[in-house]
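# Descriptive structure summary
Letter by letter, the chains look like this.
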Amino acid sequence: MQYSMKYIFGFAAAVCFVCSILISIANVGLRERQEVNKLLDKQKSVLQAAWLLEPGEKADRARVEEIFQNVQPRLLDLTTDQLLDDEALAVFDESKAPMAEAPKNNAGIVEVPEKVRIYEVLEEGDISMLVLPIVGKGLWSTMKGFLALDADGRTIRGLTYYEQAETPGLGGEVDNPRWKARWKGRLAYDENWKPVIEVIKGPAGSPEETPYAVDGLSGATLTSRGVTNMLQFWLGDNGYAPFLKSFRESGRA
Ligand SMILES: Cc1cc2nc3c(=O)[nH]c(=O)nc-3n(C[C@H](O)[C@H](O)[C@H](O)COP(=O)(O)O)c2cc1C
């Protein structure tokens, strides 16, 4: 049977129309689940940074939520370095957070959010750790992650990235649990509260021998440098330093 051009185009358009409606319905219908999964992923990263969840450990939603009961999200205003109340946190939408121009830096950070969600890890009612979001450029990609600090505001408990597109096996080794384990117990600040932690080229010793340095990623000096630069930015005066100072002085830990 011979179909006219009009019929063929009409049929193709009808198929496209029906498919686009189906895709839109699926997209809208699954949006809620996508949001829930995104939140779950974020929560897992927070827990992994704090080593409350071992890297690679399969944890379902119930398990993550159970551990997360001891993790208190807070909203930090980076323009005033003050924590905001729970009402402000409840309506906070990270994707719509106002941004401010970043001061000149080596981390490739152009803008910083005015407000960020941070996390307090509680142990018997006291804050045992703070988990802080960090972002900066690697070699190929913008890397987003979390840095977990002890309640002293200085000792690193862990570092994890939940979003990065560095080369697997090279810069992508930021996700290697063995490398991540090297951060535990290092010191972010020296005794004058200068952010000095850095990823060096080659191996660093133990945290006791080399508290301010972490092993470089082999063949990935540029990603390693990106990690150093973003940590120094976020631990500095334009990042979390003023908040960490008032946290230490508040005696809340
Ligand atoms: C295909 C390809 C992918 C690379 N990916 C990365 C990367 O993800 N991170 C990185 O720092 N270097 C990467 N490099 C290497 C850099 O170009 C550069 O040589 C390296 O960072 C220098 O590190 P080294 O001094 O430890 O050898 C890649 C190189 C190639 C050819």
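Residues numbered from 1 in each chain as written. Predicted model: local features only at pLDDT ≥ 70, side-chain atom pairs only at ≥ 80, totals over all residues. Heavy atoms only, no water.

## Things to note about the overall build of the protein chain
Selection criterion: Comment: elements are numbered from the N terminus, with helices defined as DSSP H or I runs of at least four residues and strands as E runs of at least two. A 1.4 Å probe rolled over the protein chains alone gives each residue an accessible area, and that area as a share of the maximum for its type sets the label: buried under 20%, exposed over 50%, partly exposed in between. Note on areas: Shrake-Rupley with a 1.4 Å probe; residue coverage comes only from the protein chains shown. When charges are counted, Lys and Arg are positive and Asp and Glu negative, with His and the chain ends excluded. Working definition for charges: the position is that of NZ of Lys, CZ of Arg, CG of Asp or CD of Glu.
Summing up its helical and strand segments, the protein chain has six helices and 10 strands in all. The buried share among the 253 residues of the protein chain stands at 41%. Surface exposure of the protein chain reaches about 14,400 Å², of which carbon and sulfur atoms provide 54%. Seen as two clouds, the 29 positive and the 36 negative side-chain charges of the protein chain have centres 6 Å apart.

## Description of the environment of glutamine 43
If you trace the backbone, glutamine 43 turns up in helix α1 (residues 5-49). The spacing of glutamine 43 and phenylalanine 68 is 25 residues in sequence and 7.5 Å in space, taken between C-alpha atoms.

## What about the site of the ligand?
The condition that has to hold: We call a residue near a given molecule or strand whenever any one of its heavy atoms falls within 4 Å of it. Identification of polar contacts relies on pairs of N or O atoms within 3.5 Å, with a donor-acceptor requirement for protein atoms, meaning one able to donate a hydrogen and the other able to accept it, and with residues adjacent in sequence counted only if both atoms are side-chain atoms. Think of it as three bins: nonpolar holds Ala, Val, Leu, Ile, Met, Phe, Trp, Tyr, Cys and Pro, charged holds Asp, Glu, Lys and Arg, and polar takes everything else, Gly as well.
Lining the immediate surroundings of the ligand are Leu139, Trp140, Glu166, Thr167, Leu170, Gly171, Lys201, Gly219, Ala220, Thr221, Leu222 and Thr223. Within the contact set of the ligand, an oxygen atom lies 3.3 Å away from a backbone nitrogen or oxygen of glycine 219. At 2.6 Å, a side-chain N or O of threonine 223 approaches a nitrogen atom of the ligand. Taken together, the residues of the shell around the ligand break down into five nonpolar, five polar and two charged.

## Overview of the pairing of strand β8 (residues 156-163)
Applied cut-off: DSSP calls a pair of strands paired once it identifies at least 2 bridges connecting them.
Bridge analysis of strand β7 (residues 142-150) against β8 gives six bridges, and the strand direction is antiparallel. Across the sheet, leucine 149 pairs through a bridge with isoleucine 156, a residue of β8. Turn length for the β7-β8 hairpin, with the two strands adjacent in sequence and antiparallel, is five residues, and the turn residue glycine 153 shows positive phi of about 75 degrees.

## Examining unusual backbone geometry
Phi at tryptophan 51 is positive, roughly 60 degrees, even though this residue is not glycine. Relative to the helices and strands, tryptophan 51 is located in the loop between α1 and α2 (61-68). For aspartate 81, which is not a glycine, the phi torsion comes out positive at approximately 65 degrees. Mapped onto the elements, aspartate 81 comes out in the loop between β1 (71-77) and β2 (82-84).

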